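A look at the structure
What follows is each chain in one-letter form.
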Amino acid sequence: MTTNSREDVRRECEKLGELVVQAKLESGHFGTGEAFAWEWLLEQHHRRLREGESAERDRAERALKAAEESASAARAAAAGAQSAARWTIVAALAAAAAVIVSLAKYW
């Protein structure tokens, strides 16, 4: 490539893609525009890193939200179990009272 216009080099890089640009840089294809091609390649690398970090952050946030919802459900289940246990005790006491009343009738 004989031109050294940044925009021309960037347009060509966009058309070619990262792997082809990298290969053409190694063969000296860009000539005086080589610095612009390297600049474009570096920008693509940083963009990919940012996207990866963003995706990782999103996954972590989703996992945290799921953990919070799970903990909330566990607390609700524990409260329900505690309430059920209380009612079971009340029912057992009522049954015991009924047995005592029934036995008292026969004495």
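Heads up: these notes are all about the structure in this document.

Let's shift gears to the overall build of the protein. If you tally the helices and strands in the protein, you get 3 helices and 0 strands. Secondary structure elements of the protein, listed N to C terminal, follow the sequence α-α-α. A compact globule built from 107 residues would reach a C-alpha radius of gyration of about 13 Å, whereas the protein, at 36 Å, exceeds it by more than 25%. Along the three orthogonal principal directions, the C-alpha set of the protein runs to about 115 × 20 × 15 Å. Split into buried and exposed, the 107 residues of the protein put 10% on the buried side. When contacts within the protein are restricted to residue pairs at least 6 apart in sequence, long-range pairs at least 24 apart make up 52% of them. Averaging the positions of the 15 positive and the 16 negative side-chain charges in the protein gives two centres separated by 12 Å.

This part is about the nonpolar core. Counting 8 residues, the largest nonpolar core is built from Val9, Cys13, Val21, Leu25, Phe30, Ala37, Trp40 and Leu41. Of all the secondary-structure elements, those providing two or more residues to this core are helix 1 (6-16), helix 2 (18-26) and helix 3 (34-106). Take this core: its biggest share by element is 3 residues, from helix 3. Every residue in contact with Cys13, bar those within four places of it in the chain, is listed here: Val21, Phe30, Ala37 and Trp40.

Take the pattern of salt bridges next. Where charged atoms of side chains with opposite charge meet at close range, the side chains can pair. The tally for this structure, following the rule as stated, stands at 6 salt bridges. Between Arg11 and Asp8 there is a salt bridge, with its nearest N and O atoms 2.5 Å apart. Remark: Asp8 and Arg11 occur in helix 1; sequence separation between them is 3 residues, near one turn of the helix. By relative accessible area, Arg11 is classed as partly exposed at 47%. Note on Asp8: relative accessible area 28%, which makes it partly exposed.

Looking at helix 1, one finds that the buried residues are Val9, Glu12 and Cys13. With its buried residues spanning 100° around the axis, helix 1 presents them on a single face. Set apart from the buried face of helix 1 by more than 90 degrees, the exposed residues are Glu14 and Lys15. Those residues of helix 1 that are buried are in contact with helix 2 and helix 3. Just downstream of helix 1, Gly17 is the residue with a positive phi angle, here 90°.

Reading the values: rules and limits
Residues numbered from 1 in each chain as written. Predicted model: local features only at pLDDT ≥ 70, side-chain atom pairs only at ≥ 80, totals over all residues. Heavy atoms only, no water. Helix = DSSP H or I, 4+ residues; strand = E, 2+ residues; numbered from the N terminus. Rg over C-alpha atoms; globule rule 2.2 N^0.38 Å. Buried < 20%, exposed > 50% of the residue type's maximum accessible area, 1.4 Å probe, protein only. Contact = heavy atoms within 4.5 Å. Lys, Arg positive; Asp, Glu negative; His and termini not counted. Charge placed at Lys NZ, Arg CZ, Asp CG, Glu CD. Core = buried A, V, L, I, M, F, W, Y, C linked by side-chain atoms within 4.5 Å. Salt bridge = Lys/Arg side-chain N within 4 Å of Asp/Glu carboxyl O. Arc of directions from axis to C-beta.

Keep in mind that these numbers describe shape and distance, not what the molecule does.
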